[in-house]
Amino acid sequence: MADMRAFREAVIGWAAGEPGGPAGELAGRLRVRTAVLLEGPSDLAAVETLAARHGRDLAAEGVCVVPMGGAMSVGRFAGLLGPPGLGLRLAGLCDEGERGFYERGLERAGAPRDGFFVCAADLEDELIRALGVPRVEEILRAEGDLPAWQIFVRQPAQQDRPPHQRMRRFLGTKKGRKIRYGRLLTEALAPEQIPAPLQGLLLHL
């Protein structure tokens, strides 16, 4: 796992302008076959958690999950990792609002789109709707975050929003919270509750 993390960091550095040699060397040594392109670290937490629940060791399978730091970076990462670059098989998740960035980026890289799955708003929204707000509130209570949530929902700006949209916004109000709950909410899913994009991605890998 440590070596695959090193590959991930090398790829992120490469995308930021560092030399690509270390990423290429690690890809060969680790026999990386697939790169999963995700917008951010909360998506990474959810994907790795679901894979572990299914007994999958993605690193051992040659699968590297890469948080890109935003949808607008997909063309850059697809070019480095897909057909024009390392020639890896690409897969991933994207938000409905970012679909255009993915389609254009993958097209420029000559990469197929069949391994990419679209979340209705984003992955947090998918997880909240799958579990239901009352179940998410139980998890907040267990984590000590229920008082903060109760204060948040009393704010005037939240009064006209549907409950699941309030919860989605709440998870983004504190640094690190989305990442932590990406893992916790995924752990709480019953098999029949797994959102279709997340399930589809795992089955594709």
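Owing to the predicted nature of the structure, the values given are computational and were not obtained by experimental measurement.

S.K.: So what about the layout of surface pockets? Which residues, and what values?
M.R.: Each pocket or cavity is described by its volume, and for the largest pocket that value is around 220 Å³. Taken together, 18 residues line the largest pocket, and the ones lying closest to its centre are Gly-40, Ser-42, Asp-43, Glu-124 and Lys-178. Looking at the lining of the largest pocket, the elements that each hand over two or more residues are α3 (41-53), α6 (123-131) and α10 (177-188). Partitioning the lining of the largest pocket into residue classes produces 4 nonpolar, 4 polar and 10 charged.

S.K.: Lay out the environment of Val-36 in plain terms, naming residues and giving numbers.
M.R.: With respect to the helices, strands and loops of the structure, Val-36 is situated in strand β1 (residues 34-38). Judged by relative accessible area, which is 0%, Val-36 ranks as buried. The sequence separation of Val-36 and Leu-201 amounts to 165 residues, and the corresponding C-alpha distance is 8.9 Å. Residues in contact with Val-36, not counting those within four places in the same chain, are Val-63, Cys-64, Val-65, Val-66, Ala-91, Gly-92, Leu-201 and Leu-205.

S.K.: How would you sum up the pattern of salt bridges? Please name residues and give values.
M.R.: In the structure shown here, the tally under the stated rule is 13 salt bridges. The partner of Arg-135 in a salt bridge is Glu-138, and the shortest N-O contact between them spans 3.2 Å. A residue pair is termed a helical-turn pair when its members lie 3 or 4 positions apart in one helix, as Arg-135 and Glu-138 do in helix α7 (residues 133-143) at 3 residues. In the salt-bridge network here, residues are joined through shared partners; they are Arg-33, Arg-56 and Glu-61.

S.K.: Outline α10, supporting the account with residue identities and numerical values.
M.R.: Taking 1.5 Å per residue, 12 residues should reach 16 Å; α10 reaches 16 Å between its end C-alpha atoms and fits that length. Regarding α10, the residues found buried are Arg-177, Tyr-181, Gly-182, Leu-184, Leu-185 and Thr-186.

S.K.: Quick one: what's the story with the nonpolar core, residue by residue and with numbers?
M.R.: Grouped together as the largest cluster of nonpolar side chains are 37 residues, with contacts concentrated most on Val-47, Trp-149, Met-167, Leu-185 and Leu-198. At 5 residues, α3 tops the list of elements feeding residues into this core. Not counting the four nearest positions on each side in its chain, Leu-185 is found in contact with Leu-127, Ile-128, Leu-131, Val-136, Ile-139 and Leu-171. Core analysis: the next-biggest nonpolar cluster, separate from the first, contains 31 residues, Leu-26, Leu-80, Leu-81 and Leu-106 among them.

What counts as what
- Residues numbered from 1 in each chain as written.
- Predicted model: local features only at pLDDT ≥ 70, side-chain atom pairs only at ≥ 80, totals over all residues.
- Heavy atoms only, no water.
- 1 Å grid on protein atoms, 1.4 Å probe; cavity = no way out; pocket = protein on both sides within 12 Å on 5 of 7 lines; lining within 4 Å.
- Points joined across faces, edges and corners; volume = space filled by probe spheres on them.
- Helix = DSSP H or I, 4+ residues; strand = E, 2+ residues; numbered from the N terminus.
- Nonpolar A, V, L, I, M, F, W, Y, C, P; charged D, E, K, R; others polar.
- Buried < 20%, exposed > 50% of the residue type's maximum accessible area, 1.4 Å probe, protein only.
- Contact = heavy atoms within 4.5 Å.
- Salt bridge = Lys/Arg side-chain N within 4 Å of Asp/Glu carboxyl O.
- Expected span 1.5 Å × (residues − 1).
- Core = buried A, V, L, I, M, F, W, Y, C linked by side-chain atoms within 4.5 Å.

Function-wise, these values are silent; they only describe arrangement.
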